[in-house]
Amino acid sequence: LDPIKADIEVNQEEKLTGEGVVKYFLCFQLNGLKEQKMVEGVTYSQSKAGLMNRGQNKARSIAAYQALEACPDCDVLVHPKYEVTVNKSPLGILFRKYTVRVSGYGAKYKNFRTEKEIKIIGNDNKEYIVIEEND
């Protein structure tokens, strides 16, 4: 398949903001009973084990959704900055509350197109890729 390319138009006039809160008691999410909308397909760099970051990542997804909800025409949040606060009980395993605030710029994808790739193997056995643009 040929790769799909697109231009991105960023609205630098206004920063979008959102907040997400997730609470846990032991390993059970307390605020899981009410409907929470999240952004899916977003990955976050992390240094801890995935299970330990579960609450943080959920709160980040909720915050990103809240931010994008303010701009219905936006497809993506560009250059997001996350402020994460973790409140926990003295032992740390009984209760945890993750609060995440995000700010960034809303952007929209435009001008979708495909570009054909041509692979060329040179005399030095290196692979070169040449991109041929469609008009």
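The model shown is predicted, which means the values in this text are computed figures rather than measured ones.

Conventions and cut-offs
- Residues numbered from 1 in each chain as written.
- Predicted model: local features only at pLDDT ≥ 70, side-chain atom pairs only at ≥ 80, totals over all residues.
- Heavy atoms only, no water.
- Salt bridge = Lys/Arg side-chain N within 4 Å of Asp/Glu carboxyl O.
- Helix = DSSP H or I, 4+ residues; strand = E, 2+ residues; numbered from the N terminus.
- Buried < 20%, exposed > 50% of the residue type's maximum accessible area, 1.4 Å probe, protein only.
- Disulfide = S-S within 2.5 Å.
- Contact = heavy atoms within 4.5 Å.
- Patch = residues over 30% accessible without salt bridge, like charges linked within 9 Å, V, L, I, M, F, W, Y side chains within 5 Å.
- Areas by Shrake-Rupley, 256 points an atom, 1.4 Å probe, with all protein chains shown as cover.
- Phe/Tyr/Trp six-rings, centres within 6.5 Å; stacked < 30°, edge-to-face > 60°.

### Comments concerning the pattern of salt bridges
At step 1: Within this structure, the stated rule accounts for 4 salt bridges.
At step 2: Residue R101 pairs with E19 through a salt bridge whose shortest N-O separation is 3.0 Å. Note that R101 is positioned in strand β4 (residues 95–121) and E19 in strand β1 (residues 4–25), a separation of 82 residues in sequence.
At step 3: Relative accessible area serves as the criterion here: at 38%, R101 is assigned to the partly exposed category.
At step 4: One salt bridge connects R101 with E83, and the closest N-O pair in it is separated by 3.9 Å. Linking R101 in strand β4 with E83 in strand β3 (residues 76–88), this pair joins segments that are 18 residues apart in sequence.
At step 5: When salt bridges with common partners are traced through the structure, they connect E19, E83 and R101 into a single cluster.

### With respect to the state of the cysteines
At step 1: One pass over the structure, following the stated rule, counts 1 disulfide.
At step 2: In this model C71 forms its disulfide with C74; the gap between the sulfur atoms is 2.1 Å. Judged by the sign of its S-S torsion, about 60°, the cystine formed by C71 and C74 is right-handed. In this structure, C71 and C74 share a single accessibility class: buried.

### Observations regarding the environment of V39
At step 1: Examined against the element boundaries, V39 turns out to sit in the loop between β2 (28–29) and α1 (54–69).
At step 2: A C-alpha to C-alpha distance of 6.4 Å links V39 and A64, two positions 25 residues apart in sequence.
At step 3: Once residues lying within four places of it in the same chain are set aside, the contact partners of V39 are S61, A64, Y65 and L68.

### Some details on a nonpolar patch on the surface
At step 1: The grouping of F25, L26, F28, L30, I93 and L94 at the surface amounts to a nonpolar patch, some 590 Å² of accessible area in total.
At step 2: Looking at the secondary structure, you find F25 in strand β1.
At step 3: F25 gets classed as partly exposed once you look at its relative accessible area, which sits at 40%.

### Remarks on the packing of aromatic side chains
At step 1: Following the criterion strictly, the structure yields 2 aromatic pairs and no others.
At step 2: Ring centres of Y24 and Y98 lie 6.2 Å apart, and the angle between their planes is 85°; on these two criteria the pair is classed as edge-to-face. Placement of the pair is Y24 in strand β1 and Y98 in strand β4, with a sequence separation of 74 residues.
At step 3: Ring centres of Y109 and F112 lie 6.4 Å apart, and the angle between their planes is 55°; on these two criteria the pair is classed as tilted.
At step 4: For Y109, a relative accessible area of 35% corresponds to the partly exposed category.

By themselves, these are just geometric observations and shouldn't be taken as functional.
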